[in-house]
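Coordinate inspection notes
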Amino acid sequence: MPNKCGVVRTSEIPPSIFNVPASCLPSSKPTPRPTKVEDQQLRYFLQKNKITSFDAFKPERNLQEQYKNLIISRSKERLVCLFMTDYFMLSVAGVAGQTSRLPCPLTPRSSGDVPKLVLWYKTGDSAPIYSQDGRSKHEFGSKHHRKHFQTPAFSQPAENKKELHLTLSHHSATLTLKHTSPLSAGLYECRVDFFRSPSHTSFVNLTVIEPPVRLSVVDAAGFEPRQGRLGPYTEGEPVTLACTAHGGEPSPSVVWIRDGDLTIDESDDISSVGSTVNELTILRLTRDWSNSTLTCLAANSDLVAPLTLTFVLDVLLLPVRVSITGPTLGTAGSVVTFRCSSEGSDPPATLSWRVRGKAHPGETVQYGDAVSSLLLVNLTRDDDGAEVVCVASNPALPRHPLLNSTSIVVQYPPAVRASLGPQLTLANIKEGDDVYFNCDVRANPPASKVVWYHETEEQVQDLSSGVILSGEALVLQQVLRNRSGSYRCSARNALALTLSDSVNLKIKCECFEQIL
């Protein structure tokens, strides 16, 4: 198929080749210019026979041999013949701001012949943009041939003369553009006239690559990388990152690379004129994304190093484990140590303690993402069965804590308290009443035996005397005045024997009340 200037292979010339715009022609003059007899004959032949395809073009043998790769186009009412072959139609890519070199082959048909005139044209210019005339000397083929050419002539303004330079060798007349710009792109024609050989015309299509000028990355909330980091984001949430390449012609390819070697997204979308965007969507941030290095790379040519923007992805990680170690059994009055360890949080977790629902301070030690805290507890009988809780939380995500707990058994001597039955009043007890006492015992391990004393005498069950022992209670039936005095109880477990305070019992005489 033809390109935008109608250049096609000779076996593929469609009728549309006759509708090439004049702007695609290298110069305003027909090429080759009809000065020679054969050129005039060819021009007449085409007009006379209304040639519309290459297959219908069958000139006489000598013309066919000379113009064996002929492509025809028409501008206005004038036929123009362009001699384009795969060999003489060259494509050159240059980079804006850099040097570009356009080759022009120098291959005379007559052995030993040398060029006498080199002309360079550019699309749209009627005059050459660069010419070099060697007709004053016939020593073009010597190693000092450049000295025998006249001062080059330019069609460009004087200030642009320094931007063009012609380098001549035995095989090529290379035009160098010292500072390539987007305006330099286009079709160039190089015409070389020899002293004996026919003129030689070749074409160079210069494509100018404009690299992207900068990259920008922004997330869905509008935040950009700062000091090489982007975030923080929360583990488990979705994240969308848009990388935009600003500028670039042709439009660059924008890709995402993870950790320097893994390409994770090569799709790109041109969002507006002059910018190309590639959106990277992570549906769910997993732990392995934390501190990943992401690189956005934009390139539109192998001639220029790609443009890159690299940053580290900050991901807030929740703790994955909390463990508590420490004794499960202790004695009242002793000091025990609990250790809480947590890992997986980024930044490292904050550890806090609770014992029986109350906060207790601990001493924290950090190593990497693992954190450990020590808690010292001075045990009391109230701590028996207490729950010890360690809470680990990411300081940036305090609403998502992870906790673990343990409980401790505290052993302590019996705590003993003797009391009169709740329905009785000490001041109202008289002879003949029934009296009973309770012995409240708290002990761990539990008390093995409870003993009651009247003064110093241990009480034993004697139903005939009205003394009854029932568990931890003492019952005295139909008491007499001789039952007055102090009553105490004692309890024993594996740790100690404990004696309660005394309860003083005063029994009123019934006879005294009768006399009154």
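Residues numbered from 1 in each chain as written. Predicted model: local features only at pLDDT ≥ 70, side-chain atom pairs only at ≥ 80, totals over all residues. Heavy atoms only, no water.

Before going further, it helps to spend a moment on the overall build of the protein. A tally of helices and strands in the protein yields three helices and 36 strands. Sorting the 516 residues of the protein into buried and exposed places 41% on the buried side. A fraction of 64% describes how many contacts in the protein between residues 6 or more apart in sequence connect residues 24 or more apart. With an accessible surface of roughly 28200 Å², the protein has 50% of that area assigned to carbon and sulfur atoms. (Helix = DSSP H or I, 4+ residues; strand = E, 2+ residues; numbered from the N terminus. Buried < 20%, exposed > 50% of the residue type's maximum accessible area, 1.4 Å probe, protein only. Contact = heavy atoms within 4.5 Å. Areas by Shrake-Rupley, 256 points an atom, 1.4 Å probe, with all protein chains shown as cover.)

Glancing now at the pairing of strand β15 (residues 262-265). For strand β14 (residues 253-258) and β15, the ladder comprises three bridges, and the chain directions are antiparallel. In the sheet register, Arg258 faces β15, and the bridge partner there is Leu262. Hairpin connection of β14 to β15: three residues between the antiparallel strands, including Asp259 at a positive phi of 55 degrees. (Pairing = 2+ DSSP bridges.)

It is worth spelling out the environment of Ser131 at this point. Relative to the helices and strands, Ser131 is located in strand β6 (residues 130-133). On the accessibility criterion, Ser131 (14% relative accessible area) is buried. Sequence-wise, Ser131 and Tyr121 are 10 residues apart; in three dimensions their C-alpha atoms are separated by 9.0 Å.

Our next topic: the environment of Pro225. On the secondary structure map, Pro225 appears in the loop between β11 (214-219) and β12 (229-234). Separated by 84 residues in the primary sequence, Pro225 and Leu309 place their C-alpha atoms 9.6 Å from one another. Dropping the residues within four chain positions of it, Pro225 is found in contact with Val217, Leu230, Leu309 and Phe311.

Reading across the sheet, the three strands line up as β4-β8-β7 and stay open at both edges, with antiparallel pairing between neighbours. One side of each edge strand has no neighbouring strand; the edge strands of this open sheet are β4 (100-102) and β7 (164-168). The sheet shows a mean angle of 25 degrees between the axes of neighbouring strands, direction not considered. Sheet topology places β4 next to strand β8 (residues 173-177); three bridges connect them, and they run antiparallel. Of the residues in β8, the one forming a bridge with Arg101 is Thr176. (Axes fitted to C-alpha atoms, helices over the stretch in contact; angles between N-to-C directions.)

Now for the confidence of the model for the protein. For the protein, the mean per-residue pLDDT works out to 79, and 76% of the residues sit at or above 70. Taken together, the stretch residues 1-42 has pLDDT below 50 and engages in 94 contacts with residues farther than four places along the chain or on a different chain. (pLDDT = per-residue confidence, 0-100.)

Turning next to the packing of aromatic side chains. Per the stated rule, a full pass over the model turns up three aromatic pairs. Taken together, a centroid distance of 5.9 Å and an interplanar angle of 45 degrees make the contact between Phe437 and Trp452 tilted. Linking Phe437 in strand β29 (residues 435-444) with Trp452 in strand β30 (residues 449-454), this pair joins segments that are 15 residues apart in sequence. Given a relative accessible area of 2%, Trp452 falls into the buried group. Summarising the aromatic geometry, the rings of Phe437 and Tyr487 are spaced 4.7 Å apart at their centres and angled 25 degrees between planes, so their arrangement reads as stacked. Placement of the pair is Phe437 in strand β29 and Tyr487 in strand β34 (residues 485-492), with a sequence separation of 50 residues. Here Phe437 and Tyr487 have matching classes, each one buried. Through pairs of rings, three or more aromatic residues link up here, namely Phe437, Trp452 and Tyr487. (Phe/Tyr/Trp six-rings, centres within 6.5 Å; stacked < 30°, edge-to-face > 60°.)

With that out of the way, let us pick up the nonpolar core. Among the nonpolar cores identified, the biggest contains 22 residues, and Val217, Leu241, Trp256, Leu285, Leu294, Phe311 and Leu313 are the most heavily contacted of them. Of all the secondary-structure elements, those providing two or more residues to this core are β11, β12, β13 (239-246), β14, β17 (275-282), β18 (293-299) and β19 (307-316). Excluding its chain neighbours within four sequence positions, the residues that come into contact with Phe311 are Val217, Pro225, Gly228, Arg229, Leu230, Leu241, Trp256, Ser292, Thr293 and Leu294. Core analysis: the second largest hydrophobic core is formed by 21 residues, Val92, Tyr130, Leu166 and Cys190 among them. (Core = buried A, V, L, I, M, F, W, Y, C linked by side-chain atoms within 4.5 Å.)

Below, the discussion takes up the sheet that holds β12. Spatially, β12-β19-β18-β14-β15 is the arrangement adopted by the five strands of the open sheet, whose pairing is mixed. In this open sheet, the two strands that pair with only one neighbour each are β12 and β15. Each adjacent strand pair in this sheet contributes to an overall mean axis angle of 35 degrees, direction not counted. Where β12 lies against β19, four bridges are found, and the strand directions are parallel. Residue pairing in the sheet places Tyr233 in a bridge with Val315 of β19.

Evaluated as defined, the whole model comprises four disulfides. With a sulfur-sulfur separation of 2.0 Å, Cys104 is cross-linked through a disulfide to Cys190. Sign of the S-S torsion, about -85 degrees for the bond between Cys104 and Cys190, identifies this disulfide as left-handed. With Cys104 in the loop between β4 and β5 (115-122) and Cys190 in strand β9 (residues 186-194), the pair connects residues that are 86 residues apart, well separated along the chain. (Disulfide = S-S within 2.5 Å.)

Applying the stated rule across the entire model yields 11 salt bridges. Residue Arg258 pairs with Asp288 through a salt bridge whose shortest N-O separation is 3.2 Å. Here the residue Arg258 occupies a position in strand β14, and Asp288 occupies one in the loop between β17 and β18, the gap between them amounting to 30 residues. For Asp288, a relative accessible area of 47% puts it in the partly exposed group. Of the charged contacts in the structure, one is a salt bridge between Arg417 and Asp440, with a shortest N-O distance of 3.5 Å. Of this pair, Arg417 sits in strand β28 (residues 402-420) while Asp440 sits in strand β29; the two residues are 23 residues apart in sequence, bridging distant segments of the chain. Judged by its relative accessible area of 52%, Arg417 falls in the exposed class. Connected through salt bridges with shared partners, the residues Arg258, Asp259 and Asp288 form a single ionic network. (Salt bridge = Lys/Arg side-chain N within 4 Å of Asp/Glu carboxyl O.)

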